[in-house]
Amino acid sequence: MDLIVSRQEAGVLHIVLNRPAKRNAITIAMYEAITALLRQAETDGMIGCVLISGSGGAFTGGNDLLDFLQAPPAADGGGAMAFLDAISTFPKPLGAAIEGVAVGIGVTLLFHCDFAVASANASFSAPFISLGLVPEAASTYLAPRQIGQKSANRLFLLGEVLGAAEALEIGLISHLVEGDPLPRATEAARQIASRSPQATIETKRLLRGATADQVARQIAAEADVFADLARSDYCRALFKRFLEG
C-alpha cells in the first residue's frame with residue numbers, strides 16, 4: 001500500500017496521508033515523498049493549489065515515534081527537515097482538510113496553510129513537551145502571531161486538546177463543516193487554482209511579508225533543540241513508554 005497517495009485534478013494537487021491503521025503517523029519516507037511532490041508542484045504550471053488530507057477518518061497522529069527512535073532527526077538532515085523547508089517556502093496556496101485527530105505536525109503544519117477546513121469531530125493537540133520535545137515548523141514564532149500568545153501557550157505549554165469549534169474561534173482553521181471536510185476544501189482549492197497563477201503567487205508572497213527570513217531562522221533554531229532532545233535518554237525513555245502503553 002502506498003503510504004502517500006496523490007492525484008491531480010482541476011489544477012489541484014491532492015496529497016493524501018494513507019496510513020489509516022496508524023492514524024496516518026508520518027515516517028521519514030512519507031516526509032520525503034510529500035517533499036518531492038511539493039517541489040514538483042512548485043514548477044508545474046498545471047498546479048495552482050495543493051491540498052493535504054488524511055485517510056481513514058484521521059488527519060495525522062503526528063510523527064511516527066518508532067521511526068524516530070530508530071533514526072533520530074538531524075537538524076541539518078533531510079526527511080522532516082526537508083519537509084519543513086518545503087511547506088514554509090511553498091509559493092503556491094496550500095490547504096488542508098482535517099478530520100479526526102491532528103497531532104503534533106498535524107497542528108504545526110497548519111500555520112503554513114493558507115486555508116484549513118475541519119470537520120466538527122476534529123481535535124488538535126501538540127504534546128511536544130509531554131514527549132520531552134519542543135514544537136517545530138517555526139510554530140513557536142507563528143502560533144503567537146496567528147492565534148495569539150495565550151492560545152499558543154494552551155497548545156504548547158499546557159498541552160491542551162482543542163476541539164474544532166475552538167480551533168475556528170482562535171483562527172487555527174479557516175472553515176468548519178459538520179461532515180466530511182474534503183468537499184469544501186476541494187471547492188476552495190479549485191477556486192484558487194482557477195485564478196491568475198502569477199497574481200495568486202504574488203499575493204501569497206506579499207501576505208507573508210517580511211516573516212519569511214524569521215520563519216527560516218526559527219525552523220533552524222527549533223530543529224537544533226529538537227534534535228538534541230530527541231537523542232537524550234530522557235526523551236527516548238518517554239518515547240518507549242508511550243509506545244508500550
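Positions within a chain are numbered from 1, following the residues in the order the chain's sequence is written. At least 70 in pLDDT is required for a residue's local features to be given in this predicted model, at least 80 for side-chain atom pairs to be given and counted, and no such filter applies to totals for whole chains, interfaces and linings, which use all residues. Processing note: side-chain calculations cover all non-hydrogen atoms of the structure and skip hydrogens and water entirely.

A. Main features of the overall build of the protein. Each helix corresponds to a stretch of at least 4 residues labelled H or I by DSSP, and each strand to a stretch of at least 2 residues labelled E; elements are numbered beginning at the N terminus. Counting its regular elements, the protein contains 11 helices and 9 strands. C-alpha atoms define the radius of gyration in this analysis, and the globule rule sets the expected value at 2.2 Å times the number of residues to the power 0.38. A compact globule built from 245 residues should have a C-alpha radius of gyration of about 18 Å, and the protein, at 17 Å, falls within 12% of that. By its C-alpha atoms, the protein is 50 × 40 × 35 Å across when sized along the principal axes. Going through the 245 residues of the protein one by one, you find that 50% of them count as buried. Sequence separation of 24 or more characterises 74% of the internal contacts of the protein that already satisfy a separation of 6 or more. Split by element, the accessible area of the protein, about 11200 Å² in all, is 54% carbon and sulfur. Positive residues here are Lys and Arg, negative ones are Asp and Glu, while His and the chain termini are left out of the count. A charge is said to be at NZ when it belongs to Lys, at CZ for Arg, at CG for Asp and at CD for Glu. Side chains of the protein give 20 positive and 25 negative charges; the mean places of these two sets differ by 2 Å. For every residue, the accessible area (1.4 Å probe, protein chains only) is compared with the maximum for its type, and the residue is labelled buried under 20%, exposed over 50%, or partly exposed between those bounds. Note on contacts: a residue pair qualifies if any of its non-hydrogen atoms lie within 4.5 Å across the two residues. Residue burial considers only the protein chains on display, and all accessible areas are found by Shrake-Rupley using a 1.4 Å probe.

B. Spotlight on the sheet that holds strand S1 (residues 4-9). Each pair of strands is called paired provided DSSP finds at least two bridges between the two strands. On the basis of which strands lie adjacent, the open sheet formed by 6 strands has the order S1-S2-S3-S4-S6-S9 and mixed pairing. Single-partner strands in this sheet number two, and they are S1 and strand S9 (175-177). Shown here is a sheet whose adjacent strand axes are inclined to one another by a mean of 20°, direction ignored. Direction of pairing for strand S3 (residues 49-54) relative to strand S4 (residues 94-98): parallel, over a ladder of 4 bridges. Looking at S4, one finds that Ile52 is bridged to Ala96. Each axis is a line fitted through C-alpha atoms, taken for helices only over the stretch in contact, and angles between the N-to-C directions span 0 to 180 degrees. Sheet strands touched by helix H8 (residues 182-193): S1, strand S2 (12-17), S3, S4, strand S6 (115-119) and S9. Its angle to S3, the strand with the most contacts, is close to 165°.

C. Quick peek at the packing of aromatic side chains. Any two of the Phe, Tyr and Trp rings considered here, Trp counted by its six-membered ring, make a pair once their centres fall within 6.5 Å; the pair's planes then place it as stacked at under 30 degrees, edge-to-face at over 60, or tilted in between. For the structure shown, the criterion picks out 2 aromatic pairs. Ring geometry for Tyr31 against Phe83: centres 5.1 Å apart, planes inclined by 45°, an arrangement best described as tilted. Placement of Tyr31 in helix H1 (residues 28-43) and of Phe83 in helix H3 (residues 80-89) is noted, with a sequence separation of 52 residues between them. For the pair formed by Tyr31 and Phe83, the shared burial category is buried. On the numbers, 6.4 Å between centres and 55° between planes, the contact of Phe128 with Phe156 is tilted. A residue pair is termed long-range when its members are at least 10 positions apart, and Phe128 in the loop between strand S7 (123-125) and helix H5 (139-147) and Phe156 in helix H6 (residues 149-156) qualify at 28 residues. Residue classification places Phe128 among the buried positions, given a relative accessible area of 6%. What makes Phe156 buried here is its relative accessible area of 10%.

D. Quick look at the nonpolar core. Here, nonpolar core means buried Ala, Val, Leu, Ile, Met, Phe, Trp, Tyr and Cys residues that are tied together by side-chain atoms lying within 4.5 Å of each other. Ranked by size, the top nonpolar core spans 64 residues in total, and within it Ile15, Leu38, Val50, Ile98, Leu110, Phe124 and Leu172 carry the most contacts. Here this core gets 6 residues from one element, more than from any other, and that element is H1. Excluding residues that lie within four positions of it along the chain, Leu38 makes contacts with Ile15, Val50, Ala86, Ile87, Phe90 and Leu94. Within the second largest apolar cluster, 12 residues are counted, among which are Leu51, Val117, Val177 and Ala193.

E. The arrangement of the pairing of S2 in detail. Among the 6 residues that make up S2, 6 are buried, leaving the element largely enclosed by the rest of the structure. One ladder, built from 6 bridges, connects S1 with S2; its direction is antiparallel. Looking across to S2, one finds that Ser6 is bridged to Ile15. The loop that links S1 with its antiparallel partner S2 comprises 2 residues; one of these, Ala10, has a positive phi angle of about 55°. Where S2 meets S3, 6 bridges bridge the pair, whose relative direction is parallel. Within S3, the residue paired with Leu13 across the bridge is Val50. Read from S2 through H1 to S3, the crossover connection turns out right-handed. Orient the strands so they point away from the viewer, and a crossover whose first-strand-to-second-strand path over the helix runs clockwise is right-handed.

F. Summary view of the environment of Ala82. Here Ala82 shows up in helix H3. Put simply, Ala82 and Thr35 are 47 residues apart on the chain and 6.7 Å apart in space, counted from C-alpha to C-alpha.

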